[in-house]
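Here's the letter readout for the chains.
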Amino acid sequence: MRGFSIVSIWVLTLLLLLKSSSCAGDSGVVNPCCYYPCQNSGVCVRFGADRYECDCTRTGFYGENCSFPEVWTRVGLMLKPNPSIIHFFLTHFHWFWDLVNNSFLRDTMMKLVLTARTNFIPSLPTYNTKYGYLNWESYYNLTYYTRILPPVPEDCPLPMGTKGKPLLPDPKLLAERFFKRTRFRPEPQGTNLMFAFMAQHFTHQFFKTNHEVGRAFTKALGHGVDAGHIYGDNLMRQLQLRLHKDGKLKYQLIKGEMYPPTVSEVPVQMVYPKGFPPEQRLVIGHELFGILPGLTMYATIWLREHNRVCDILKAEHPTWDDEQLFQTARLIIIGETICIIIEEYVQQLSGYLLKLKFDPSLLFNARFQYSNRIALEFSHLYHWHPLMPDSFLIDGHDVPYSQFIYNASLLMHYGVEKLVDSFSRQPAGQIGGGHNSHENLLTVSEMVIRESRAVRVQPFNEYRKKFNLKPYTSFYEFTDDVEMARGLEELYGDIDALELYPGLMLEKARPNAIFGESMVEMGAPFSLKGLLGNPICSPEYWKPSTFGGETGFNIVKTATLKKLVCLNTKWCPYVDFHVPRNEEEAKPRKLSTEL
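Residues numbered from 1 in each chain as written. Predicted model: local features only at pLDDT ≥ 70, side-chain atom pairs only at ≥ 80, totals over all residues. Heavy atoms only, no water.

## Focus on the overall build of the protein
No. 1: In terms of helices and strands, the protein carries 24 helices and eight strands.
No. 2: Taking 2.2 N^0.38 as the reference for a compact globule, 595 residues should give roughly 25 Å; the C-alpha atoms of the protein span a radius of gyration of 26 Å, in line with that estimate.
No. 3: In terms of overall dimensions, the protein has C-alpha extents of about 90 × 60 × 45 Å along its principal axes.
No. 4: The buried share among the 595 residues of the protein stands at 54%.
No. 5: When the accessible surface of the protein is summed, it comes to about 27300 Å², and 58% of that surface belongs to carbon and sulfur atoms. (Helix = DSSP H or I, 4+ residues; strand = E, 2+ residues; numbered from the N terminus. Rg over C-alpha atoms; globule rule 2.2 N^0.38 Å. Buried < 20%, exposed > 50% of the residue type's maximum accessible area, 1.4 Å probe, protein only. Areas by Shrake-Rupley, 256 points an atom, 1.4 Å probe, with all protein chains shown as cover.)

Now the structure itself:
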């Protein structure tokens, strides 16, 4: 028995040593890149088992870890205010911004905003989930999401590198403890559900994770604004959705009004529950957009707008065939989308007093590349489900989730006008700060956390550094909620082990803002690079002939959310991304011709 005990202890010790060795490589040496030693966008290159070098090329820094600024970099750092000061300046001093918005200074300021934001995003793709180093596959293989930072090395001793606990907290526990809504907290900037549904409708043209292949892959053929959510993400679906006459899309008329057709008329794949009535299975460019009436509403509005634009183009170009009418109308729709997103959607999101402007020519003399790849981090960042309310208030009726989801009949029953009016008046929820996700949507947060772990997304603080933000030194600095800080510290062990998505969603919100500093400083560069990197914004495309002449060009340049809705409805409801500021603003117009 005594001999057996000694042998058992020896075997146990050997197993523990082997386990330790497997965590730190065959030699027991930790991969030095697991410590994230390279600062200021320096690239860590491993040599041998325990040696590394930081490539500081064109970072503006030098030294072993790229931590020493060069002369002009040092000057720039001294002159540049921190993001909080810039944000405060952009959201205060009305008198100053009234002056800027009504003078030539607006173009100057807008160009500064665009160049400062878009410079954070690599003009060519860098990494993907398979490759943590530059290679041809990462550039050429469009089925991958790109990555701004390489994945956590597979041979690191801990899940997030070298800090934190050996096991990351259970995603369900995180969602229940920190994400779940205790009471609805309205977004303090006045953002509404019209904005929330636009966020979902707009982004799902380029956020299409291919779960059948893997979480690192996308099904979207275009890496940007291509209106694939309206026309389908492949040629076969597009051809089935088209009327093949006058450039138009197929539709059905209900009480004289245009709505998407049903699956019996257009047999394409749509996701509806089993046994769902065929007459309510509407066919839309995106296969999932039947899930929420808010998404079906936007799909209907864009369907009507496309066909309206086709009528305008046909009147001006009677010799054009169906194909040219369709293709030109699609470019106009893409242009309208970008204009509305920058001048109204991003405007509402930012809270800036600077009046944002969609004018691609501002970048024609700047160092800018007209290309874009959707980053995995951007896809994870954009899960803004706290925007959703506890229930939906439509024309005086309180509609719970159980009666809202997969209920396209609401659209036909109330009509586009009443849905727009209702969604424009109902406040959306605040995204930042945690404790504001409806319990029905917690599974989405859990999914994002699981996906980020599967593809080994680097810690939140590493992304703070990448976007020139000071990394947090403790959970108590990260959040004003002491109980949350204590709980996160208990589960993660170290602020440098906090994951990206929880970091973005739980970070303390800026005063009277929709979310925290990191979401703005990371999200804005992705958004603006994707919007302005679109081909129609390039010097080769940005001219009247691309859009069928001055009439089509003006449709793009003067697009607004109000025009989009009111030129395609019987009467003009209150429509905005902001809840009504006063009673006069809230009054609906009776005729769209009043625009």
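That was the structure; now back to the text.
## Notes on the state of the cysteines
No. 1: Enumeration over the complete set of coordinates arrives at five disulfides.
No. 2: Disulfide pairing is shown between Cys38 and Cys54; the S-S distance is 2.0 Å. Its S-S torsion of about -90° marks the bond between Cys38 and Cys54 as left-handed, since a negative value means left-handed. Here the residue Cys38 occupies a position in the loop between α1 (2-23) and β1 (43-47), and Cys54 occupies one in strand β2 (residues 51-55), the gap between them amounting to 16 residues. Taken as a pair, Cys38 and Cys54 share a single burial class, namely buried. (Disulfide = S-S within 2.5 Å.)

## Description of the nonpolar core
No. 1: Counting 151 residues, the largest nonpolar core has Met194, Phe197, Met297, Tyr345 and Trp384 as its most contacted members.
No. 2: Per element, the largest residue contribution to this core is 14 residues, and it comes from helix α12 (residues 322-350).
No. 3: With residues near it in sequence (within four places) discarded, Tyr345 still touches Phe195, Met198, Ala199, Ile340, Tyr382, Trp384 and Phe577. (Core = buried A, V, L, I, M, F, W, Y, C linked by side-chain atoms within 4.5 Å. Contact = heavy atoms within 4.5 Å.)

## Some words on the pairing of β1
No. 1: Across five bridges, the pairing between β1 and β2 is antiparallel. Bridged to Val43 within β2 is Asp55.
No. 2: The antiparallel pairing of β1 with β2 creates a hairpin that spans three residues between the two strands, and Gly48 there sits at a positive phi of about 65°. (Pairing = 2+ DSSP bridges.)

## Considering the confidence of the model for the protein
No. 1: When the pLDDT values of the protein are averaged, the result is 92; 94% of them are 70 or greater.
No. 2: Within the model, the stretch residues 1-25 combines pLDDT values under 50 with eight contacts to residues more than four positions away or in other chains. (pLDDT = per-residue confidence, 0-100.)

## Description of helix α21 (residues 517-532)
No. 1: The first and last C-alpha atoms of α21 sit 23 Å apart over 16 residues, in line with the 22 Å expected at 1.5 Å per residue.
No. 2: The largest bend in α21 is about 25°, located at Gly523, with the proline Pro525 one to four residues further on.
No. 3: The element α21 is largely enclosed, with a buried count of 16 among its 16 residues. (Expected span 1.5 Å × (residues − 1). Bend = angle between axes of the 7 residues up to and from the residue.)

## Regarding the packing of helix α8 (residues 193-203) against helix α15 (residues 409-425)
No. 1: With their axes 6 Å apart at the nearest point, α8 and α15 run at an angle of 105° to one another. Compared by their axis directions, α8 and α15 come out roughly perpendicular. Counting all contacts with α8, which are made through Leu193, Met194 and Phe197, the residues of α15 involved are Val420, Phe423 and Ser424.
No. 2: Looking at the contact of α8 with α15 residue by residue, the class counts come to five nonpolar, one polar and no charged. (Axes fitted to C-alpha atoms, helices over the stretch in contact; angles between N-to-C directions. Parallel < 35°, antiparallel > 145°, perpendicular 65-115°, else oblique. Nonpolar A, V, L, I, M, F, W, Y, C, P; charged D, E, K, R; others polar.)

## Side note on the packing of aromatic side chains
No. 1: Counted under the stated rule, the structure contains 45 aromatic pairs.
No. 2: Measuring from centroid to centroid gives 5.6 Å for Tyr131 and Tyr133, while their planes differ by 75°, and the two rings are edge-to-face.
No. 3: An angle of 80° between the planes, with centres 6.0 Å apart, marks the rings of Trp542 and Phe547 as edge-to-face.
No. 4: Judged by relative accessible area, Trp542 falls into the buried class, the value being 11%.
No. 5: The aromatic ring of Phe553 is capped on one face by Lys557, whose charged end is 4.2 Å from the ring centroid. (Phe/Tyr/Trp six-rings, centres within 6.5 Å; stacked < 30°, edge-to-face > 60°. Lys NZ or Arg CZ within 6 Å of the ring centre and 35° of its normal.)

## Some details on the side chain of Thr146
No. 1: Structurally, the position occupied by Thr146 is in the loop between α6 (136-140) and α7 (171-179).
No. 2: The exposure class of Thr146 is buried, given its relative accessible area of 5%.
No. 3: Within the structure, Thr146 has its side chain in polar contact with the backbone nitrogen of Thr126 (distance 3.5 Å).
No. 4: One polar contact links the side chain of Thr146 to the main-chain carbonyl oxygen of Tyr127, over a distance of 3.2 Å.
No. 5: Beyond its immediate chain neighbours, meaning those up to four positions away, Thr146 contacts Pro125, Thr126, Tyr127, Arg373, Ile374, Ala375, Leu376 and Glu377. (Polar contact = N/O pair within 3.5 Å; in protein donor to acceptor, adjacent residues only side chain to side chain.)

## What about the pattern of salt bridges?
No. 1: Throughout the structure, instances matching the rule amount to 30 salt bridges.
No. 2: Between Lys163 and Asp496 there is a salt bridge, and its shortest N-O distance comes to 2.9 Å. Taken together, the positions of Lys163 in the loop between α6 and α7 and Asp496 in the loop between α19 (482-492) and α20 (500-506) put the pair 333 residues apart, joining distant regions of the chain.
No. 3: Take Lys163: its relative accessible area is 40%, and that puts it in the partly exposed class.
No. 4: Here Asp496 falls in the partly exposed class, since its relative accessible area comes to 24%.
No. 5: Taken together, the shared-partner salt bridges connect Arg117, Arg464, Glu507, Arg510, Glu517 and Glu521 into one network. (Salt bridge = Lys/Arg side-chain N within 4 Å of Asp/Glu carboxyl O.)

## As for a nonpolar patch on the surface
No. 1: Taken together, Val71, Trp72, Val75, Met78 and Leu79 make up a surface patch of nonpolar side chains, about 660 Å² in accessible area.
No. 2: Here Val71 lies in helix α2 (residues 71-79).
No. 3: For Val71, a relative accessible area of 62% corresponds to the exposed category. (Patch = residues over 30% accessible without salt bridge, like charges linked within 9 Å, V, L, I, M, F, W, Y side chains within 5 Å.)

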